[in-house]
Structures are given as C-alpha cells and as structure tokens.
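# Residue-level structure breakdown
What follows is the residue order along each chain.
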Amino acid sequence: MSRGDALLERDGPLAAADAALADLCGPLRGGGLLTVAAPAGLGKTTLLAEVRARAGERGCTVLSARGGDQEQQVAFHVARQLLQPLLAGSTDAELRDALGGWYGIVGPALGLCAAGGAAPDPQGLRDGLDWVLTHLVVQHAPVVLVLDDAHWADPQSLTWLSAFAPRADDLALLLVVAYRPDELPTSAAAFRGLPGRAGNRPIGLEPLTPEAVTSLVRGRLGAHADEEFCRECWTVTAGNPFEAVELTAKVGERGLRPERASAPLLRDLAAAVKGSGLVARLERMGPSTVRLAWAAAVLGTQVQPALAAAVAGLGSQEAADCADRLREARVLTGSRTLEFVHPLIATAIYRAIPDALRVALHGKAAWTVVDAGLGPAAAARHLMETHPEEDPWVVQQLRAAAQEMLRAGAPEAARDHLTRALREPPRPGERAAVLYELGCSTQLLEPATTVNYLQAALAEPIDDADLRDNINYRLSQSLAHSDRLSEAVDVVARAARGATTARARLWMQAEEFMWSAFRSDEPDSPSRSRRLARLADRLTGQDRIERYILGLRAWDAVVRGEPVDTALLYAGRALEGGLHWAAEDCGFEVPVLACLVYMYADRVERAEELFAQGIAEFERHGWRGAHLAFSHALLGYVRHRSGRLAEAEALARDGLRMAERVGRGTPVLWYAVTILTGVLIARGRTAEAVGLAAEYDFHAPFPAAVTFPDAQTGHGELLLAQGRVEEAIEELASVGRRLDQRGMRNPSWSPWQLHLAQAQRHTSPGLARETALDALDRAQRFGARSAVGQALRVAAEVARPEERLGLLDRAVASLEGSPPAHELAAALVAQGRALHAEGRRAEGAAALSRGLDLARSCGADGLAARAEAAVRADQGPADVAPVG
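Before going into details, it helps to say that this report is about the structure given with it.

Thresholds applied
Residues numbered from 1 in each chain as written. Predicted model: local features only at pLDDT ≥ 70, side-chain atom pairs only at ≥ 80, totals over all residues. Heavy atoms only, no water. Salt bridge = Lys/Arg side-chain N within 4 Å of Asp/Glu carboxyl O. Helix = DSSP H or I, 4+ residues; strand = E, 2+ residues; numbered from the N terminus. Buried < 20%, exposed > 50% of the residue type's maximum accessible area, 1.4 Å probe, protein only. Pairing = 2+ DSSP bridges. Axes fitted to C-alpha atoms, helices over the stretch in contact; angles between N-to-C directions. Parallel < 35°, antiparallel > 145°, perpendicular 65-115°, else oblique. Left-handed = near helix turned anticlockwise from the far one by under 90°. Contact = heavy atoms within 4.5 Å. Nonpolar A, V, L, I, M, F, W, Y, C, P; charged D, E, K, R; others polar. 1 Å grid on protein atoms, 1.4 Å probe; cavity = no way out; pocket = protein on both sides within 12 Å on 5 of 7 lines; lining within 4 Å. Points joined across faces, edges and corners; volume = space filled by probe spheres on them. Phe/Tyr/Trp six-rings, centres within 6.5 Å; stacked < 30°, edge-to-face > 60°.

## Structural notes on the pattern of salt bridges
Going through the model one piece at a time under the given rule, you end up with 57 salt bridges. Measuring nitrogen to oxygen at the nearest pair gives 3.1 Å for the salt bridge that ties Arg-606 to Glu-609. With a gap of 3 residues between them, Arg-606 and Glu-609 both fall in helix H31 (residues 604-621), about one helical turn apart. Accessibility expressed as a relative area gives 39% for Glu-609, which makes it partly exposed. The partner of Asp-861 in a salt bridge is Arg-683, and the shortest N-O contact between them spans 3.3 Å. Here Asp-861, found in helix H44 (residues 861-875), pairs with Arg-683, found in the loop between helix H34 (667-682) and helix H35 (686-695); they are 178 residues apart in sequence, far enough to count as distant. The buried category is assigned to Arg-683, whose relative accessible area is 11%. A network of salt bridges, in which partner residues are shared, links Glu-649, Arg-653, Arg-683, Arg-685, Glu-688 and Asp-861.

## Here we look at the pairing of strand E2 (residues 61-66)
Where burial is concerned, the two faces of E2 differ: the one with Thr-61, Leu-63 and Ala-65 is buried and the one with Val-62, Ser-64 and Arg-66 is not. Pairing geometry for E2 and strand E3 (residues 143-148), over 6 bridges, is parallel. Bridging from a neighbouring strand, Ser-64 pairs with Val-146 of E3.

## What to know about the packing of helix H33 (residues 645-662) against H34
Interhelical geometry of H33 versus H34 gives an angle of 155 degrees and a closest axis separation of 9 Å. Relative to H34, the element H33 lies roughly antiparallel. The handedness of the crossing between H33 and H34 is left-handed. Two secondary-structure elements touch here, H33 through Leu-645, Ala-648, Glu-649, Ala-652, Arg-653, Gly-655, Leu-656, Ala-659 and Glu-660 and H34 through Val-668, Leu-669, Ala-672, Val-673, Ile-675, Leu-676, Val-679, Leu-680 and Ala-682. Its residues placed into classes, the contact of H33 with H34 shows 14 nonpolar, 1 polar and 3 charged.

## Some remarks on empty space enclosed by the protein
On inspection of all chains with the given rule, the structure shows 4 cavities of 30 Å³ or more. Along the wall of the largest cavity there are 19 residues; nearest its centre are Asp-69, Thr-301, Phe-340, Pro-343 and Ala-346. Mapped by element, the contributors of at least two residues to the lining of the largest cavity are helix H14 (287-299), strand E7 (339-340) and helix H17 (343-352). Here the lining of the largest cavity takes 4 residues from H17, the largest share from any one element. Of the residues in the lining of the largest cavity, the class split is 7 nonpolar, 7 polar and 5 charged.

## A look at the pairing of E3
Look at any regular strand and the pattern is simple: side chains alternate between the two faces of the sheet. Along E3, 6 of the 6 residues are buried, which leaves the element largely enclosed by surrounding structure. Neither face of E3 is open: one carries Val-143, Leu-145 and Leu-147, the other Val-144, Val-146 and Asp-148, and all of them are buried. Alignment of E3 against strand E4 (residues 173-179), held across 5 bridges, turns out to be parallel. Residue pairing across strands places Leu-145 opposite Leu-175, the latter belonging to E4.

## Regarding the packing of aromatic side chains
The full count for this structure, using the stated rule, is 18 aromatic pairs. On the numbers, 6.1 Å between centres and 20 degrees between planes, the contact of Phe-618 with Trp-623 is stacked. Using a relative accessible area of 0% as the deciding quantity, one classes Phe-618 as buried. For Trp-623, a relative accessible area of 10% corresponds to the buried category. Aromatic pair Phe-630 and Tyr-671: ring centres 4.9 Å apart, planes at 80 degrees, arrangement edge-to-face. Of the two residues, Phe-630 sits in helix H32 (residues 626-641) while Tyr-671 sits in helix H34, which places them 41 residues apart along the sequence. Judged by relative accessible area, which is 8%, Tyr-671 ranks as buried.

## Considering the sheet that holds strand E5 (residues 203-204)
Two pairing modes exist for strands in a sheet, parallel and antiparallel, and in both the strands are linked by backbone hydrogen bonds. Read across the open sheet, the 5 strands follow the order E2-E3-E4-E1-E5; overall the sheet is parallel. Of all the strands in the sheet, the pair left with one neighbour each is E2 and E5.

Structure representation (structure tokens):
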C-alpha cells in the first residue's frame, strides 16, 4: 500500500502533525501532545506510521509502542517497547552509568536487570521513568514518542505516560497517541483533555467519502473502475479505510473486473475481511495454518515464530509455510517477529477460537514461554486465562511472577497474579504464604483489604514461625495505617505472648510499644512507659530491633518531658549502630522519631543531617510516595523549629503536594496540613492558613493516631489566630485533658498550654497566668532552651505588668542560644515594647530594631510588620527602613 492512497482525506491531521514536527525541529524545539481518537479501522495506525516516517525524515529519534489486547496484563509492556531499544544494547556498566541512581528502580521494570532490594512504590517508579525518558530526550533530541492503541496499553505504562504528558511542552518531545475513544481507561483521561496541538480536543478521523473510496479503488485496481462499482465499494465498507483497502486486495486476488457486473459480489467479499467471513476464509487455508493463526492470536504482539510454532504444535518448516500463507492472505506481516496486519484481524481470530481450546492454548503458551527462558512473568498472563486445576506448578509460576512484579514496582499486577493463584488453589500448607504475599502486594493499594488477607492467613495452619511473625508484623502495620491502632496493638501483643524465640518476642514488643505510643486513646500510657523504660535499660543496641526500642524510649522521654539529656542518651544509643529508614521488616517511624528527638532538644543540625540521610535512603529505594511526603513535611517542621520559615513553607508545600499524589484521607496529608498551617500562622498569614484548613477539612474529628505536631493543638492555635477565643479555649483544654491523662507533658512537643494561656488572658487573666507558669515549669523540667524561652515569653505576655520585663529578659537570654530565630525575634519585640513602657526608650529601640531585623531574616512577615509599626511609633517614619 502506498503512503498516498492510505491517507486519503487526512490532510487536516497530517497538517497538525507537520506543524508539530516543524515546531519540534525548529530553533525553539517546542514539544507537546498530539492525540488521535477514532473507532477501529479508520486509519489511526496508518496515520501514526506516516507521522513516524515524516519524523524520521526530519532526523528525529522515534520511540514507538503499541498496546495489545492480549498484553494489557503485562506490566510495563508499553514502557519496555518505548525505552528498551535505546538501552537494551548496553552493558551492565553502561546501564548503571546511564540510569545512575535509578538503575535498581527502573531497570527491573524495563526488563534491563534483575530486581533486588526493597521494592519501589508505584510513585517512585513513575518518577524514575520520568527521569529516564527526560534524560533520553535530552540526549537524543528531538524525540517523537508514538503510542498506538493506547486503549490497550498496560495500566502501569498508561498511568505513567498520561501523567508525564504535560511535561512534553517543556522538552524537545512530541507525544503522539492514538486510541479508540470508547475504550480508553479512566486512568488515561488526561489524553482526552490536555491542551495539545489540537487545542483541548483530540483529532478525530471520519470515514472516507464516496469520492475518496473511488480514488482508492481506481488507484489500486485501475482508472477504468466504473462509478457504480466504486460506489458499491463505499457502501459495503461504510467508508472504513481498513475495510476498503482489504476489499480492493480481495478483488485483485479474485481477479474480478472493477465494473458494474461485479458490484453484487462485493458484499460477500467485504464480509470475508472481518468477523465470521475472515474466520471462514482462514479455515479454508487448512488446519495447520489455522493453528498457527490461533497461536499467534494467543501470544499477542511481536510474536516469535518459534514460540508460535511450539504453541501450535508445528515443526519449524511447516510453521514457516503456514506463516507464508497467512502473509499472502494479509493476515500476518513480518518475518523475525509476526504481527497481525490489523488489530481487528487479531481480535476476530482470537474470539473465534473455541473456548476450551483457547484456554488450553494459553496453558500451552505458559509452558512454552517458561521453557524458552522468558520467565514466570511472561507465563503469568497466559495462566491468568486458564481454569483452576489444583496444579502446584501454576501456583509456583504465579507466585514467582507476583514477586517479580512487586519488586519491579507493579503491586497491582502482583495482586492479580496472587488472586489467581488462590483460585488454583495452593496446597493447604502453602495457602498462608500465598495470602501473606497477597497482603504484601495490596498494602499500598488497599489497606483494608490487606487486613482481610492477613487475618485469613493467620487462620491457616502455619508451621513456619518466621512466616507467622511476618504476617503479624504486616497485619499490625496495615491496621495502624487504616487508623485502627488499638487493633494493631492487640495483634502484636498477642504475637509477643506467643513468640517462640526471644528475638521474635522482642520484635513484636517493639511494634507494640510503637503503635501504643501513637494511640491517642491508649488506656494506660504511664504503665506502658514504665515497661518500655525497664526494657530499654536492659538492651545494648546490638541489633536493629534493640535499637528501635531504644529509639522509642528516647521519643517517650521527649513527649513525657523527661530531662533532655535522658532523651539524647537513648537517641544516641539507638543511632550508634544505625537505623535504616527503608527496612522492609521494620517501619520508618522510629528513625523519624529519633530525628525529632534531636530537633526538640535544640540539636537541629543533627536532626537535619539524619533527615537528609533518610530522604536519600527513600530515594535510593524508590520510596517516593507517602514516605517521601512525610520526610519533606517533617523536614519543613524542623526548619520551622529553627526559624527558617520561608524554607519551612516550601518544604511543607512539597510534602503536601506529594501527599496529594498518595491520596486524600491519608495520615501523611494530616501531617502536611498541620505543619503548613503552623508555618503560615508563624509567618503572619492567618487568612491563608484558614483557607488551607477549609480546603483539606482540617478540623475534628482528628485521627486516632498521635501526630507531631499534634493536629488538635494546631487547630486550636488556628482558632486563636482567627480571634475565635472561646472555641480556642475549648479545643485546647480538650487537648490538655487528653495528653495529661497519658502523661504527655512536654510543651515543646505540644504547646497547647502556651496557646491556651494566650486565649485565657482575654477572659480569665489569673487562670492564664497559672496555665503559663505550669507550662514554664514543664519546659524547665525538659530543659531545652527553646522550650524554656518560648514558655517565658508567653508567661510574660499574660503576666502582671510589673513582672513582664523580668520574664522577657529571661526569655531573650534563653532563646539567644537556641535555634528558633522567629521565637527570639518575638521575644525581642516584646522586650522592646516593655522597655519602652518603662521609659527605657534607647534600650527598647535597640531591642525592637534587632527583633525587626531578625523577623525579616527568618520570614516572620507578620511579626516584622508589627515590629516596624512599633519602631515607627517610637522613632518616627523617617528613621525606619521599609520591610523587605
């Protein structure tokens, strides 16, 4: 078929493609997205082939892939087609150099190396694919990426590409995507509406007009084809380009003359191009040819002839002869790999295979690909189509494929394989292991469903003690992440009592202590704290579990307000042997808590160093979903505590953006919103904080888990900042009842008393002084200079006038040697005003001026504005520089 007659009446789409290619290859290298949406047979594939040819003629690098009806369950099938050709010929050393830190994350997904280490999360893998594609575009620009039959692309590749598509505008990359509009999954909705080369709409393709079909017929059968014959060709094909081209081929094969007398035969010929007519034509080619066509339809796209022959049960020469016949009949094309001439043909042949035989062929295909060394993942898509027969080999292959998919960052595919393995079913002694693996695969996707799988696993007979421990650990994690902390504690408490080894018992105790510490409704927190202290004093930190318990002891010392040196002692012992953030059999919570111990103890540099190590570990393992969101939000919290408010806001917003990618309603979103709200209040932007809280439903009911900073305390501070004093008093008093009952008395961790005192001064000045002095006493017991200084400043704010300056002098002295510059700025501004009130104007002006400079430098804009107003009132406008 010539390029010309295949593209009749496609001037508009071709003009759009040419314009896009001109921009791409022009001096500005402008990229973008071009989408083509049309029903089957209207020429999407032909149009995309022409775009590829024109891109090649312009010197573009062309990356090409095609979705396949039979490959939708093969994770990253499309991504591999696109990216492997530019990377597959590299040595391992060259791959490591090309992929850098993404080698172990992206390499397994693209089939370039074996998976090893912790599995990346889906977001981490998508970020890695983004980096690889961006890197390849920079190296090989300009690049045209062509995806045909996107509606049949595997979900993992399609989700990635649709999310990446908006970035094409900023690269020398043209994305060209074609799909059937009624079959495009919701995960790829971006392709329908992205503002690309065709505006907000994909390019549509219309059936050919009678005139175009006439031109096609005469171009292929001769100019003498008469009008009535051509008109009938258009009628029987409804202007479908694929069917019109195939019809002319059949006319030529049959030797029909293109004239009026032949017109009545066209309808039968057209029927032979598709559906039952195609199947009947195939059957006339003989049983061996039929079997090869069936085998190719089962195997899908890019079929290796040897595999097709094996599945069909044919010798190599017989299979080659059959392939020749299928090529002559315009069913197959290609030699090194076999492809169907059109997806409509593949679909018709696949659906024509008798049901029982189709299942059998998939089973044979599974054995064949394993024997060919293509691995369990290649076999799994065929096994998914077979009927359960209690075959241990099937279960083995599906489990192996699931592990491969999980390690490659495709938990959805792993879940599907293991669900099918359960239906086989596995042998009784193997069922618990399969249920456990199924729970691991769904933990990031469906925490509630994970709980059901793991509980079912525990109900099975389990001889392997390690397996039972792992199930209990995963179950407690899933319950905790589903905001069912009391159940999480019960699971590991029972597991600790039933443990068969000392190590297992200690592991389960560590988990029990951790989830108990996060419970806001813990019934006897002081008792748990005493047990934790006794256990920690017996441990040396010789292994990771012991170090986790020491880390929990350090955190417990902080929240209870024990002396800061005690907390630092245990934190140091926990970190001596190292705390891994990305260990699969222990969560990242304790390393985070150890970092925060240093932050509350005014050792901010150490906290920052530990967070940097943790973030690097997450990124190295491809954990870029909730884990990285937590890390960025909490690092923002550290910057807030050190008075670097602009940096704190940027990090908290990064954490919130990452949390949004994980999904609303998740714990990480609460953390990010709580932290960002506090930063905005510290910067004097209360209205923005209120808007943020409204957008994310930041109000009661609060999570069942203890958060840091405490979410309810943060909400009380927001109410106070808005001037909603009565509501703030009620909210903050509620926090106090909850935390005091648990013995959590450190105002550095939860400054509820400091906010409450500021609220009470409007209604009960005496009570406000009592509240502030109690908070000061607690801060002094803890001993961190920042905690003491902040408490002194608030105590001064609610104190009697004659006591105020003395408290502020102590606050400034304490805060001088601590990290939170914005707190020191606030204390200096208050001190300046108090000095001015006592007539010590020169000293007051100096304190105000210093407080103003500090407020400006740390980003406390609201405080800076108030300080400037105070300076102006004292010195006059001409003497004061504007706030910058």
